[in-house]
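A structural walkthrough
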Amino acid sequence: MRDFVTALALCHNVTPTFPDPADETLVEYQASSPDEVALVKFAECLEMRLRQRDQSQIVIKNAAGDLETYFILANFPFSSETKRMGIVLKHQKTGRLIFYLKGAETVMKAKVRPNQRVVIDESCDNLANEGLRTLVISQKMLSQEFYDNWSRRHEAAKGDLNNREALVATCLEELESDMELLGVTGVEDRLQDDVAVVIESLRNAGIQVWMLTGDKVETATCIAISAGFKRRTQPLFFMRDMTEAYDASKRLDEFSRKAASSILMIDGQTLDLCLGTKKLEEKFFAEATKAPSVCVCRCSPTQKALITRKIAEYTGKRTAAIGDGGNDVGMILEANVGIGIVGREGKQASLASDFSIDEFKFLRRLVLWHGRLSYKRSAVLSQFVIHRGLIIAIIQAIFSIIFYFVTISIYNGYLILGYSTIYTMFPVFSLVTDEDCSESAVMKFPILYSGLQKGRALSTKTFLIWTWKSIFQGCVIMLGSVIFFHESFTNIVTITFSSLIVCEILNVFSEVHRINYKMVISSILTFLIYFMSIGLFRGYFDTSYITWTFVMKVCLVTLASWAPLHLARRIYDFCDPSEHQKIMR
């Protein structure tokens, strides 16, 4: 037991810091992994305290209150490929050489003595069934002669320029053989607040959720259930420990019959098998994407990134990757949208992401509220900007046709510049402040988000509708001005431009769902700027014809171009309301 606790206090990459040098009991541990900190704190609870660690030595304080110094002779950090971490130490007082090795049970089973492997399986399964992340701890006593010979071979292997990796791996295998099992640890992977609520909301919004984790199948199963991946009516379908492609294909055939209502649980070994051939890879993703959720266990960072890329490749859908650790960086970079969570494992994921959040529960608001608004507003704004440019082109085309295809611009450069900027800029950009639903309604009814996946807000159909609006309004404004002001051809610029500005502002109010003070202020400001322009730029606007009759006729032309489309829109919404309109009613 003492060797086990000593191993926890020595085999790590944790650095202790003391904020108050006068108080030795106040210590903070710094490490890349919170699991390592948890194990060091556990050893501290058993009176084996870490006092100092640097590149050359580790100092611990034992239960008797004595300081023990260990010199670091070799250190092999943990990596996602090796899935283990080792360190060779020399005890200063006794001169003993000890090699500590810890790692995942899938790797450590081959390192320990054969008679101890059964204990690893049983202990890891028991801990995993309780939802704990497992780690196997082992040690090996080394003689000075053995270490000297091994060290020379290891240094020679590191200096080899032709086959360095293979030679270093061979040396490490020799050192890691015949290890003595000390024990198995289990660390709780505590979920953040409201994780189950967020997962349930995303699934109700029509988003398929995959969980990619490095934990054992048993641990991942407990986490998946507690996190809300599995509903009561959805059974778990396991694919694990497979070595033959035929067995994997046959198992996928079984899953295909129940894919729509089952949660797929697959381990990294079986996943590698499924991705081994193109045919089996296509079959796997074709069936897996039909499932409500998929959980990939014992998944390496490379596999996480590969799965993210393959999902987008085979489904044609956009992917979002959420992670909080350095192992998730590849997946975050591979996804269309990367979301990093600032957690105990550092800020690597947060710095590599497109969006950064402090807690997982904020994902719900980010996707369902801000994501939905961003899509809706971008769709309306982009099409409105196209309409704003197309309608003035239609007016110019009608003008040229009426006046025998004359190659003269109806509006000079200053008016076109003003139309694109100060005359319509504020009302058009006020569209980004529109909200078709309240935030509480979106959170209460996540199905509102699923409507975006149909692409109805921005499609060929909506583009053609906006094109038709531009043609209709441009023709009505130009032809209506000619009909009502047939005696005032010389004032055609003032007439059509005034109708155009008013019509565009009314179009903005036709598109919004909730009028707010920003829209009202922007419209009033636009009218004031336009009226001031008429008085200041008399060279472009003939004010001698502006009478109440003139104003009435301009209003009539504007209503003729705007009212029919507005009424048609309201009638259509009443007869065939959208999902959000049904809910808001």
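Relevant structure appears above.
Residues numbered from 1 in each chain as written. Predicted model: local features only at pLDDT ≥ 70, side-chain atom pairs only at ≥ 80, totals over all residues. Heavy atoms only, no water.

**Remarks on the pattern of salt bridges**
Scanning all chains against the criterion turns up 24 salt bridges. Residue Glu-47 pairs with Arg-49 through a salt bridge whose shortest N-O separation is 3.5 Å. Judged by its relative accessible area of 36%, Glu-47 is partly exposed. Between Glu-281 and Lys-310 there is a salt bridge; the shortest N-O distance is 3.2 Å. Of this pair, Glu-281 sits in helix H11 (residues 278-288) while Lys-310 sits in helix H12 (residues 301-315), and the two are 29 residues apart along the sequence. (Salt bridge = Lys/Arg side-chain N within 4 Å of Asp/Glu carboxyl O. Buried < 20%, exposed > 50% of the residue type's maximum accessible area, 1.4 Å probe, protein only. Helix = DSSP H or I, 4+ residues; strand = E, 2+ residues; numbered from the N terminus.)

**Some thoughts on the packing of helix H15 (residues 362-402) against helix H20 (residues 460-484)**
Remark: H15 packs on H20, axes separated minimally by 8 Å, with the N-to-C direction vectors making an angle of 40°. It follows that H15 is oblique to H20 by the angle criterion. Regarding H15 and H20, the two cross each other, and that crossing is right-handed. A class-by-class count of the residues in the contact of H15 with H20 yields 17 nonpolar, seven polar and one charged. (Axes fitted to C-alpha atoms, helices over the stretch in contact; angles between N-to-C directions. Parallel < 35°, antiparallel > 145°, perpendicular 65-115°, else oblique. Left-handed = near helix turned anticlockwise from the far one by under 90°. Nonpolar A, V, L, I, M, F, W, Y, C, P; charged D, E, K, R; others polar.)

**So, the packing of helix H1 (residues 2-10) against helix H2 (residues 34-45)**
The contact between H1 and H2 brings their axes to 8 Å, and the two run at 135°. Here H1 lies oblique to H2, going by the angle between them. When the axes of H1 and H2 are compared, the crossing they make is left-handed. Of the residues in H2, those in contact with Val-5, Leu-8 and Ala-9 of H1 are Leu-39, Val-40, Phe-42 and Ala-43. Taken together, the residues of the contact of H1 with H2 break down into seven nonpolar, no polar and no charged. (Contact = heavy atoms within 4.5 Å.)

**Some thoughts on the packing of aromatic side chains**
On inspection of all chains with the given rule, the structure shows 15 aromatic pairs. Measuring from centroid to centroid gives 6.1 Å for Phe-76 and Trp-150, while their planes differ by 90°, and the two rings are edge-to-face. A residue pair is termed long-range when its members are at least 10 positions apart, and Phe-76 in strand E5 (residues 67-76) and Trp-150 in helix H5 (residues 144-159) qualify at 74 residues. Per residue, the accessibility class of Phe-76 equals that of Trp-150, and both read buried. Seen in terms of ring centroids, Phe-285 and Tyr-314 are 5.3 Å apart; in terms of plane orientation they differ by 10°. Their pairing is stacked. Highlighted residues: Phe-285 in helix H11 and Tyr-314 in helix H12, separated in sequence by 29 residues. Members of the aromatic cluster, joined through ring pairs, are Tyr-419, Tyr-423, Phe-497, Phe-527, Tyr-530 and Phe-531. Between Arg-251 and the ring centre of Phe-237, over which it is positioned, the NZ or CZ distance is 4.1 Å. Over the ring of Trp-466 we find Lys-469, and its NZ or CZ is 4.2 Å from the ring centre. (Phe/Tyr/Trp six-rings, centres within 6.5 Å; stacked < 30°, edge-to-face > 60°. Lys NZ or Arg CZ within 6 Å of the ring centre and 35° of its normal.)

**Things to note about the pairing of strand E6 (residues 84-91)**
The element E6 is largely enclosed, with a buried count of seven among its eight residues. As paired elements, E5 and E6 share six bridges and run antiparallel to each other. From the neighbouring strand, Tyr-70 faces E6, where its bridge partner is His-91. (Pairing = 2+ DSSP bridges.)

**Section: the environment of Gly-103**
Positionally, Gly-103 belongs in strand E7 (residues 97-103). Along the chain, Gly-103 and Ser-138 lie 35 residues apart, while their C-alpha atoms are 9.0 Å from each other. Once residues within four sequence positions are removed from consideration, Gly-103 is found in contact with Lys-83, Arg-84, Met-108, Leu-135 and Val-136.

**Remarks on the sheet that holds strand E11 (residues 236-239)**
Spatially, four strands are ordered E10-E13-E12-E11 in an open sheet, and the strand pairing comes out parallel. In this open sheet, the two edge strands, each paired with only one partner strand, are strand E10 (209-212) and E11. On average, each strand axis in the sheet is inclined to that of its neighbour by 15°, with strand direction left out of account. Judged from the four bridges that link them, strand E12 (residues 263-267) and strand E13 (residues 293-297) form a sheet pairing that is parallel. When the sheet's bridge partners are listed, Leu-264 is paired in E13 with Val-294. Against the sheet, H12 engages E10 and E13, with an angle of about 160° to E10.

**Description of empty space enclosed by the protein**
A complete count under the given rule lists two cavities of 30 Å³ or more for this structure. What the largest cavity holds in volume is close to 90 Å³. Taken together, Trp-466, Lys-469, Gln-473, Asn-507, Ser-510, Glu-511, Trp-562, Leu-565, His-566 and Arg-569 form the lining of the largest cavity. Breaking the lining of the largest cavity down by element, the ones donating at least two residues are H20, helix H21 (492-511) and helix H23 (548-575). Take the lining of the largest cavity: its biggest share by element is four residues, from H23. (1 Å grid on protein atoms, 1.4 Å probe; cavity = no way out; pocket = protein on both sides within 12 Å on 5 of 7 lines; lining within 4 Å. Points joined across faces, edges and corners; volume = space filled by probe spheres on them.)

**Remarks on the side chain of His-387**
Note on placement: His-387 falls in helix H15. Discounting chain neighbours no more than four positions away, the residues touching His-387 are Trp-466, Lys-469, Ser-470, Gln-473, Glu-504 and Asn-507.

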